[in-house]
Structure formats: structure tokens, C-alpha cells
Amino acid sequence: MPLDSSVDYVDSINYTDWRNKLKELRDVAGELQSKATASRRLRYTEIDIEGERKAGRLAPDEIYTPMHLIDSNIRREQSSYIQYVTQSNRAVVLQHRTNVSITPDRLEQDVTSRLRYEGWQIPMYANIDSFQANGYSIMEVVFDQTKKGEVSHEVISMGDFGFINDTKDLQECEMLLRKYYFSKTKLLTLVDTADFSQDQVEKVIGSERTATSSSADAVMDKRDKSLYCVYKVMFRVRGVVHVAWAQDDVADDWLRVPRPLFIGRRKLTGQIDPTTKQPASEDAYETTYPYFLFPYLISENNTISQLKGRVFLDEDVQEAASSLISSFCTAHRRASGLYFSKDTDDPNDDQALQKNVFFRTGALINKKIQQFQLNAPSADMLAAIQSLVTMNMQETSQVNFAAQNRKDSRKTATEISAATQSASALTTVQVVLFSSALRSMYQCMFEIVQSRILSGLIQDVLPDIRQMYAEQWNIKPSGDTDVIERQQVVQQMMSAWPVVQNTPANISFLSDLLTKMFPEYAQKYIQIFQQSQQQQAQQAQSAQAQQQQQMMQVMQGIVQLTKHPEFFSDAGKVNALPQLQAVAQQAEQMQKQAQQQPQQPQQ
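1. Focus: the packing of aromatic side chains
Taken as a whole and assessed by the stated rule, the structure comprises 19 aromatic pairs. The interplanar angle of 45 degrees and the centroid separation of 5.9 Å between the aromatic rings of Phe161 and Phe163 together place this pair among those described as tilted. Per residue, the accessibility class of Phe161 equals that of Phe163, and both read buried. Arranged with centres 5.0 Å apart and planes meeting at 55 degrees, the rings of Tyr180 and Trp245 form a pair that is tilted.

Structure below.
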């Protein structure tokens, strides 16, 4: 019966049933490895100038100056992603599914300590670099008891992961393949520690060693190869993911027979283990592949193999810019040299003439010669190269670099403002894609940690936090709240500041703005604001007290004046004295009230 028409095709664990599919995935991985090698060469432009000259592809006086636009654009965009995953003090944001009033701060701190284990940044940074360059990257969640949360994540290099080319969703694949590179010692160790087949491993180590996918050149001397390539494959059997190890080039059976995939997840049975006094649990096998796709961009074509990264988007501009700058430099090198010819009009005067003569100082020339130089190319070539680079910057949505690279001085205030904002803002669409993939991976890792804590296998947890693990939580990357939303609020507050700065709320508004922009240093600035406000309040109170004292002195003079009617004329006694007496009476009442105020708290 043909393989594809077998009803038991998907649910089989027989090596012969999967061998053809395994070969297909191995070939796909080989094609991806060749593509990855070509992409790395484009990105870093590894060219042997002397070798090219010896091969005749470059003239002796010609120079090639590569422009590394691909690498520059990748590094320029990386800061957004690195900022997203590292700027927050917590790895995830948790929200209770039914009771949003529960504050999960302590739980978030505990989860962060388990998801951000020592060295967690290395595979994350490599993952970011990979999907920027190639259009997508794959991360795998693995069971690792050396970590605090007993779970970790690994990045898979392009060329080390095989799937059918028309795949749109990894979870829909019948089989997935990942390459591993082991030394002879490691393979023999796996026979004892991981139930690898002794016979099949001996067939592998008896074959030729393999260059890894990260090798600069696939053609390597045998003495430079120390690793053997083996494949970890995953497929479903009756809905449960199974994992097996194989090497179909030399082995004729599984290196390790398929078994249900276990990455640390536990399932509570509802009983108590009488020995450990912990909740009884059992291994929970996975029904989904532990692979997570991180796309660089999204388009209407969602076929994974068709996703494009910076290598594809920038290779033509990089080649054009490299060609132009190389031609410009070569032309200037040639124009700076001196060239000579015989000063004669006789077309037959070159018979038996010695050519390719090099002149040196002090030499005697017995013929009349002419000296000339080639015309140097116009500097407009540099403007053309700059135009290409600037256009490429605009295509990558880096308005700030496009504005900065312009040599003219006619940069508008709007353009400068856009450049400044772009320098600190994240590329929303791309980071949202990254956030979505990161949330899926963190969700899987959190569930594994949660199950192992509740089953008592991870015991370094405080009792109150353990109770919080028993609740149901929604999870998302902290960057959504701590980075993206905060930057949006900062931009809005910066726009509103010109209006607020002249209102009584200016100090409070500025304190909030500094807290969001500089959380580590904001408190120092806020204390300075508070001290300044206190000093201003004290100065105002002092000035008010001085004014009251001066006013009281004036009032006392009026009181004293009213006690001497003889100082007034007859007309003054009629017109002015009564009014002054009324004012003096009010002043005496105010003075009595002022004297009584300090005594009020004691009553």
C-alpha cells in the first residue's frame, strides 16, 4: 500500500513509515542551511580581495569596498527589541481571570526569577537577530532541571529546523525536524544516559563527520570536523506529540525509539502522596509542538518559508551602494596616478619598443615623453550613494537616520521632531508581532512552572505565593505595559507639556513625566521639586508676615492719632476723625482676634 494512503500513517511509530518523510525534511533543512550560509555571506560580505585579483575578477589597481547595509539595518532595529525584553524589571504581566482586584506583584517577581534564569538573554538576542535577518526564527521550550523554574528556551538556527515548504502553521505539521551536532563522546554518553541505541550510534560515529550550519564554509578539511549531525524529530501519535532521534543517512532505525514528549508539565490527580505529603501528580504529555515562530513582518502571504527579512529587503541596495563606492574609489586611485607616453606622431615608432617601464627618481630618459592623468570622477557619485542609503533608511521606517544623513541645512522643525521621536520610539507593528510570539512562549513556560510548583516538585516557594500559583491567570509580556504603553503615555505628555507648564498642575505633571521616563532617577528630581516648593512657601509666608506687621504698625499709628482730637481742625473733626475712629476700632478687633488665635488649640 502506498505510504500516503495508509490510514495509520500519522499514528505510526515505525521507522519505515516515517523514513520518506524524514528524508524530505532533511532535504528541506539542507536547502535552508545553504540559504542561511548565502545570507550570512551577503550580510558580512566576506570577499578575499587578493584571491579575486589572482582569479582575474579584479584588476591589480581595482579595489572593492563593501557596504554593510544589511548588518547596519539589523543592528539599528535591534535596540527596539532589546529594549522591549530588558527594560522592564518583570518578565510578564499577570492578571487574574475573574478577580482583577488581586494584586499579583509578588507572584510576578517570583515568575520573573524563574523565566529569567542566568544566561536567558543569549538565546533571546540570537532569536531577535535571526528573525531580523531571515524573516522568521524558531524558539523551543525545553525541560531543564538545572534552572530555577526547571524550564528554559533555546533558539534554533536557520538550517537546523526542517518543515515542509508550504507550512503556514507549525502545529499543523505531521512531522518537524531539528538538527543537533554531537561529538563522538557525547553520542556514546547518550547510549547510557538517554537510551540511545548502541548499534545505531556506532553506525553514526563510523560515518563522516559533518560541518555545522553555522560554519563559514561548508567545504572544510576533515581534521576541522569533530561533530556528527543527528536529528530530533517530533510527530503526533493519537493526538500526543512523540519525540524520537534519527540519522537516516547511515542508520537504518531510530537512534532512540519514539516516546511521548515530556517537557516538565505535571497533572494533579487530586490525591495526596503519603510519602512526600505533597499533592499527587503524574507526567502530562504534550499535544502541541514546543516550537514557537517569531516572524519579522506579516503580510497577506503567511507561508512561513516565504517570510522575508532584512537580507532579502536590503541586498539589492547594498550591492548597488558597494558597486558605486568601489567604482568611485577605484577611479580616484587611477586618477591620482601618473601616466606617460612617447611624444611623437609617428604611428610606426613603437616597433621594438620596451613597454611597461616603471619610472624612478634620478633615471635618465633618452626620449621625449608626455605626462598625463585621468580625470577624477565627480563628487556627485557620493550624493547618489547617499541617496540610496537615505532611501533605504526611509524604507525601514527610520526617519531619524534619514533626516540626520541629509547634508543640506533645510531641515524643518517637523522633520527634526519626527527624527527625535523616531529615535526613542518602537516600531509598533514589528514589536507587536514579537510580543504575540513571546506571549505564547511565556504562556507555555508559565504553565510548566505553575504545574511543577503545585505538584510540590519545586519547593523554594513561599506559602502565600504558592497559593497565588493555584489561581487562574492571564499572561502577557511586560514590554506591552512597561515599554510600549509607557512610551505612548510619555509622547502624549510631552505633547501636552507646553499647555500644562503654565498651570498650577505643572510640578505634579512634570513629576509624573519624569517617573515614566526615568524611573530610577525620578525620585531625586521630585525631592528637589518638593524642596523648592517648601522654600517658596516659606518665603511667601515670611513676606506675608512682613506685610501684616507693616499693616499693623500703620493701624497702630491710626489708633494713636484718633486718641488726640486736638490734632484735627474743626473741619477735620467733622469729616476725617469719625472715619479714622471706625478704622481704629476695626484694627483693635483684628488685633484681639490675632492674639486669641494661638490660644484656640488649647481650649
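After that view, the rundown keeps rolling.
2. As for the pattern of salt bridges
Inspection of every chain in the model, using the stated rule, returns 28 salt bridges. Between Arg178 and Glu140 there is a salt bridge; the shortest N-O distance is 2.5 Å. Here Arg178, found in strand β5 (residues 175-182), pairs with Glu140, found in strand β2 (residues 136-143); they are 38 residues apart in sequence, far enough to count as distant. For Arg266, the salt bridge identified is with Asp283, shortest N-O distance 2.1 Å. With Arg266 in strand β9 (residues 266-272) and Asp283 in strand β10 (residues 279-283), this pair connects stretches of sequence that are 17 residues apart. The exposure class of Asp283 is partly exposed, given its relative accessible area of 32%. Salt bridges linked by common partners bring Lys23, Arg26, Asp27, Asp248 and Asp249 together as one network.

3. Thoughts on the environment of Lys168
Mapping Lys168 onto the fold places it in the loop between β4 (161-162) and β5. Take Lys168: its relative accessible area is 48%, and that puts it in the partly exposed class. When the C-alpha atoms of Lys168 and Asn301 are compared, they prove to be 9.1 Å apart, with 133 residues separating the residues in sequence. At a separation of 3.0 Å, a polar atom in the side chain of Lys168 contacts the side chain of Thr303.

4. Focus: the sheet that holds strand β6 (residues 228-237)
Sheets are built from strands that pair by backbone hydrogen bonding, the pairs being arranged parallel or antiparallel. The strand order across the open sheet formed by 5 strands is β4-β5-β6-β7-β8, and the pairing between neighbours is antiparallel. Edge strands, defined here as strands with exactly one partner in the open sheet, are β4 and β8 (256-260). As paired strands, strand β7 (residues 240-246) and β8 are joined by 3 bridges and run antiparallel to one another. By the bridge assignment for β8, His242 is matched with Pro260. Contacting β5 and β6, helix α6 (residues 184-193) crosses the sheet at an angle of about 120 degrees to β5.

5. Regarding the confidence of the model for the protein
Averaged over every residue, the pLDDT of the protein is 82; the share at 70 or more is 84%. Predicted confidence for residues 399-410 stays below pLDDT 50, and this span has 22 contacts to residues more than four positions away or in other chains. Of the regions scoring below 50 in pLDDT, residues 599-603 engages in 0 contacts with residues more than four places distant in sequence or in other chains.

6. Brief notes about the pairing of β7
The element β7 is largely enclosed, with a buried count of 6 among its 7 residues. When β6 meets β7, the two strands line up antiparallel, connected through 7 bridges. From the neighbouring strand, Val237 faces β7, where its bridge partner is Val240. Two successive antiparallel strands, β6 and β7, enclose a turn made up of 2 residues, where Arg238 displays a positive phi of approximately 55 degrees.

7. So, the sheet that holds strand β11 (residues 291-295)
Read across the sheet, 3 strands follow the order β3-β2-β11 without closing on themselves; strand pairing throughout is antiparallel. Each edge of the sheet is formed by a strand with only one pairing partner; in this case those strands are β3 (151-156) and β11. When the angles between neighbouring strand axes are averaged without regard to direction, this sheet yields 30 degrees. When β2 meets β3, the two strands line up antiparallel, connected through 6 bridges. Of the residues in β3, the one forming a bridge with Glu140 is Glu154. Its contacts with the sheet place helix α5 (residues 121-134) against β2, β3 and β11, and it is angled at close to 155 degrees to β2.

8. Some words on α5
Every α-helical turn comprises 3.6 residues, leaving residues that sit three or four positions apart pointing alike. Under the 1.5 Å per step criterion, the end-to-end length of α5 is 20 Å for 14 residues, consistent within 8% with the ideal 20 Å. Among all positions of α5, only Pro123, Met124, Asn127, Ile128, Ser130, Phe131, Gln132, Ala133 and Asn134 are buried. The first or second residue beyond α5 is Gly135, which carries a positive phi of 105 degrees.

9. Thoughts on the packing of α6 against helix α7 (residues 198-205)
In the contact formed by α6 and α7, the axes pass within 10 Å of each other and the chain directions differ by 175 degrees. One element, α6, and the other, α7, form an angle in the roughly antiparallel class. Counting all contacts with α6, which are made through Lys184, Leu187, Leu188 and Val191, the residues of α7 involved are Gln198, Val201, Val204 and Ile205. Class assignment for the residues of the contact of α6 with α7 results in 6 nonpolar, 1 polar and 1 charged.

So, how was this worked out
Residues numbered from 1 in each chain as written. Predicted model: local features only at pLDDT ≥ 70, side-chain atom pairs only at ≥ 80, totals over all residues. Heavy atoms only, no water. Phe/Tyr/Trp six-rings, centres within 6.5 Å; stacked < 30°, edge-to-face > 60°. Buried < 20%, exposed > 50% of the residue type's maximum accessible area, 1.4 Å probe, protein only. Salt bridge = Lys/Arg side-chain N within 4 Å of Asp/Glu carboxyl O. Helix = DSSP H or I, 4+ residues; strand = E, 2+ residues; numbered from the N terminus. Polar contact = N/O pair within 3.5 Å; in protein donor to acceptor, adjacent residues only side chain to side chain. Pairing = 2+ DSSP bridges. Contact = heavy atoms within 4.5 Å. Axes fitted to C-alpha atoms, helices over the stretch in contact; angles between N-to-C directions. pLDDT = per-residue confidence, 0-100. Expected span 1.5 Å × (residues − 1). Parallel < 35°, antiparallel > 145°, perpendicular 65-115°, else oblique. Nonpolar A, V, L, I, M, F, W, Y, C, P; charged D, E, K, R; others polar.

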